Amino acid sequence: MPIAPATIRLDEIVPPKTGWSQILATGEQLKIVDLEGEQAVDFLAYAAEDPAERYNAADTMKIAGSIFLTTGSRLYSDKGRPLLTIIEDTVGFHDTIGGCCSRESNIARYGKPGEANCRDNFLGQLKGHGLGKRDIVANINFFMAVPVLPDGAMAIADSRSKPGDYVLLRAETDVLVVLSNCPQMFNPAAGYKPTPIRCVIYSTNEKKEAVR
Ligand SMILES: [Zn+2]
């Protein structure tokens, strides 16, 4: 299928350790660029019309038959609807199971609260859309490596994301996207040195029917 001409609607740098959110119209594309490499981006998505419908990690994994996300992966809602599709990916796999860091989990795991965390970043962004604690679900971690061994052992490993690596997502319906540029300093999620990312929204010049 030919790629429709696109115009840039938004092009923003998201500073290290901060949150960001936007509503994408159906057919719009979001590019998330890991500018300096090794930077986890925690990510949630909600149907814009009714945010009670949101990204569902388990169904996304089951339908794909994989715990990793890459080009072609669809991010399903809890109503079995694709909210977004990954249409380009320069890394090869992204995490679905590691979840987000929080003050509480930093204390439980490392005995320290940390100075910032993804859960608080999520809450800060969700508040602006009338959402809150009850709306945080298991999230995606773009650019984060969480390998799982045959015996079930898993861990946050060194990121394979290089400077300039990116994912390009297409909105399959009107969708609220919320992300946290991970502030984690106690494990390799952000390479022990949180760095900025870039978010670019492309408006395609053709109407796209929602995927059923
Ligand atoms: Zn984090």
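Residues numbered from 1 in each chain as written. Predicted model: local features only at pLDDT ≥ 70, side-chain atom pairs only at ≥ 80, totals over all residues. Heavy atoms only, no water.

**Side note on the pattern of salt bridges**
A complete count under the given rule lists 9 salt bridges for this structure. The partner of Asp59 in a salt bridge is Lys62, with the nearest N and O atoms 3.2 Å apart. Placement of both Asp59 and Lys62 in helix H1 (residues 57-64) is noted, with a separation of 3 residues, approximately one turn of the helix. The class of Asp59 is partly exposed, set by a relative accessible area of 23%. For Lys62, a relative accessible area of 62% corresponds to the exposed category. Across the pair Lys162 and Asp165 runs a salt bridge whose closest N-O atoms are separated by 3.5 Å. (Salt bridge = Lys/Arg side-chain N within 4 Å of Asp/Glu carboxyl O. Helix = DSSP H or I, 4+ residues; strand = E, 2+ residues; numbered from the N terminus. Buried < 20%, exposed > 50% of the residue type's maximum accessible area, 1.4 Å probe, protein only.)

**Notes on the packing of aromatic side chains**
For the structure shown, the criterion picks out 3 aromatic pairs. A centroid spacing of 5.3 Å and a plane angle of 45° characterise the contact between Tyr110 and Phe186, whose relative ring orientation is tilted. Here Tyr110 is found in helix H2 (residues 103-110), whereas its partner Phe186 is found in the loop between strand E11 (175-181) and strand E12 (197-204), with 76 residues between them in sequence. Given a relative accessible area of 24%, Tyr110 falls into the partly exposed group. Judged by its relative accessible area of 25%, Phe186 is partly exposed. Across the ring face of Tyr166, the terminal group of Lys31 is positioned such that the distance to the ring centre comes to 4.3 Å. (Phe/Tyr/Trp six-rings, centres within 6.5 Å; stacked < 30°, edge-to-face > 60°. Lys NZ or Arg CZ within 6 Å of the ring centre and 35° of its normal.)

**Observations regarding helix H3 (residues 118-127)**
Along H3, the positions that sit buried rather than exposed are Cys118, Asn121, Phe122, Leu123 and Leu126. Summarising the contacts, the buried residues of H3 are in contact with strand E2 (19-24), strand E4 (41-47) and E11. Sitting at the head of H3, Asn117 places a side-chain oxygen 3.2 Å from the backbone nitrogen of Arg119. (Contact = heavy atoms within 4.5 Å. Polar contact = N/O pair within 3.5 Å; in protein donor to acceptor, adjacent residues only side chain to side chain.)

**Describing the pairing of strand E7 (residues 82-89)**
Summarising burial for E7: 6 of the 8 residues are buried, a large majority. Sheet analysis places strand E6 (residues 74-76) next to E7, joined by 3 bridges and oriented antiparallel. Counted as the bridge partner of Arg74 is Thr85 from E7. Linking two consecutive strands that pair antiparallel, namely E6 and E7, is a turn of 5 residues; a positive phi of about 75° is found at Gly80 within it. Across 5 bridges, E7 lies against strand E10 (residues 165-171) in antiparallel orientation. By the bridge assignment for E10, Ile86 is matched with Leu169. (Pairing = 2+ DSSP bridges.)

**Remarks on the sheet that holds strand E3 (residues 29-34)**
Strand order across the open sheet formed by 6 strands is E1-E12-E3-E10-E7-E6, with antiparallel pairing between neighbours. Both outer strands of the open sheet, strand E1 (6-14) and E6, are each paired with one neighbouring strand and no more. Between one strand axis and the next, the sheet turns by 20° as a mean value, whatever way the strands run. (Axes fitted to C-alpha atoms, helices over the stretch in contact; angles between N-to-C directions.)

**So, the coordination of the zinc ion**
Protein coordination at the zinc ion: the donors are Cys101 (SG), Cys118 (SG) and Cys182 (SG), at 2.2 to 2.3 Å from the metal. Mapped onto the sequence, the donors of the zinc ion take the spacing C-x16-C-x63-C. Within this pair, whereas Cys101 is found in the loop between strand E8 (94-95) and H2, its partner Cys118 is found in helix H3, the two being separated by 17 residues in sequence. For the pair shown, Cys101 and Cys118 are each scored as buried. (Donors = N, O, S within 2.8 Å, 3.2 Å for Na, K, Ca; no water.)

**Details of the side chain of Thr173**
Tracing the backbone through its elements, the reader meets Thr173 in the loop between E10 and E11. Taking relative accessible area as the criterion, Thr173 reaches 11% and is therefore assigned buried.

**Some remarks on the nonpolar core**
In a soluble, globular protein the nonpolar side chains are often hidden away together inside. Ranked by size, the top nonpolar core spans 30 residues in total, and within it Trp20, Leu30, Ile32, Phe43, Leu84, Phe142 and Leu169 carry the most contacts. For this core, the element with the highest residue contribution is E4, accounting for 4 residues. Contact partners of Leu30, with chain neighbours within four places excluded, come to Trp20, Leu24, Phe43, Val167, Leu168, Leu169, Val177, Cys199, Val200 and Ile201. If you look at the next biggest cluster of nonpolar residues, it comprises 9 residues, including Tyr46, Phe122, Leu131 and Ile136. (Core = buried A, V, L, I, M, F, W, Y, C linked by side-chain atoms within 4.5 Å.)

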